Amino acid sequence: KMAVNPYQKYKTQAIMTASPGDLTLMLYDGCIKQMNLALLHIEENNHELKNNAIQKAEAILTELMSTLDMSYELSNNLFQIYEYVYRLLILANISNDTEKLNEAINRITEIRDAWEEAIKIERKVAYDNTGDGA
């Protein structure tokens, strides 16, 4: 019988109970983490691990693109940024270009931070609206 990893159980639970906004935040965090790992692997000259990390980041970007509601103007803008970052990742992977990787990290981090801010505002508004109207 396999032992249950408490961290894995917690992570699974966190994902199962997360709001759509929080899930998107987790995707951004995962993408940034993989891109940072790719940077580290380039420095270590480990091409296999670099390639794996970049492919994971690309998969997350693909997921983010597929969840966009294209009826919003913002979604079109985000799609273009995701596409641009995806291209940066491909180029970074081919040429071990840390500059392109850093630009990709900066772009996604900006969106991630704005997204986190939006979630906080949304929660505050929701919380304020659950009061007794005072």
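Look up: the structure comes first, before these words.
Residues numbered from 1 in each chain as written. Predicted model: local features only at pLDDT ≥ 70, side-chain atom pairs only at ≥ 80, totals over all residues. Heavy atoms only, no water.

Chemist: I'd like to hear about the layout of surface pockets, residue by residue, with values.
Modeler: Estimates place the volume of the second largest pocket at around 230 Å³. Lining the second largest pocket are T24, Y28, L64, T67, L68, D69, Y72, L74, S75, L78, Y82 and W115. Every element with two or more residues in the lining of the second largest pocket is listed here: helix 2 (20–43) and helix 4 (73–95). The element that contributes the greatest number of residues to the lining of the second largest pocket is helix 4, accounting for four residues. By residue class, the composition of the lining of the second largest pocket is eight nonpolar, three polar and one charged. (1 Å grid on protein atoms, 1.4 Å probe; cavity = no way out; pocket = protein on both sides within 12 Å on 5 of 7 lines; lining within 4 Å. Points joined across faces, edges and corners; volume = space filled by probe spheres on them. Helix = DSSP H or I, 4+ residues; strand = E, 2+ residues; numbered from the N terminus. Nonpolar A, V, L, I, M, F, W, Y, C, P; charged D, E, K, R; others polar.)

Chemist: An account of the packing of helix 4 against helix 5 (residues 98–128) is needed here, citing residue identities and associated values.
Modeler: Across the interface, helix 4 lies against helix 5 with an axial gap of 8 Å and an inter-helix angle of 155°. Taken together, the axes of helix 4 and helix 5 lie roughly antiparallel to each other. In this structure, the crossing between helix 4 and helix 5 has a hand that is left-handed. The residues of helix 5 that touch helix 4, namely those facing L78, I81, Y82, Y84, V85, L88, L89, L91 and A92, are K100, L101, E103, A104, R107, I108 and I111. Residues belonging to the contact of helix 4 with helix 5 are distributed by class as follows: 13 nonpolar, no polar and three charged. (Axes fitted to C-alpha atoms, helices over the stretch in contact; angles between N-to-C directions. Parallel < 35°, antiparallel > 145°, perpendicular 65-115°, else oblique. Left-handed = near helix turned anticlockwise from the far one by under 90°. Contact = heavy atoms within 4.5 Å.)

Chemist: Can you tell me about the pattern of salt bridges, naming the residues and giving the values?
Modeler: Considering all chains together, one arrives at seven salt bridges under this definition. D29 serves as the salt-bridge partner of R112, at 2.5 Å between the closest nitrogen and oxygen. Placement of the pair is R112 in helix 5 and D29 in helix 2, with a sequence separation of 83 residues. Overall, R112 belongs to the buried group, its relative accessible area being 13%. (Salt bridge = Lys/Arg side-chain N within 4 Å of Asp/Glu carboxyl O. Buried < 20%, exposed > 50% of the residue type's maximum accessible area, 1.4 Å probe, protein only.)

Chemist: Outline helix 3 (residues 47–66), listing residues and values.
Modeler: Under the 1.5 Å per step criterion, the end-to-end length of helix 3 is 28 Å for 20 residues, consistent within 8% with the ideal 28 Å. Listing the buried residues of helix 3 in full gives K50, A53, I54, A57, E58, I60, L61, L64 and M65. Buried residues of helix 3, seen end-on, are gathered within an arc of 160° and therefore sit on one face of the element. Turned more than 90 degrees from where helix 3 packs its buried face, E48 and S66 sit exposed. Where helix 3 is buried, its residues touch helix 2, helix 4 and helix 5. The residue sitting at the N-terminus of helix 3 and contributing the capping side-chain oxygen is N46; that oxygen lies 3.4 Å from the backbone nitrogen of E48. (Expected span 1.5 Å × (residues − 1). Arc of directions from axis to C-beta. Polar contact = N/O pair within 3.5 Å; in protein donor to acceptor, adjacent residues only side chain to side chain.)

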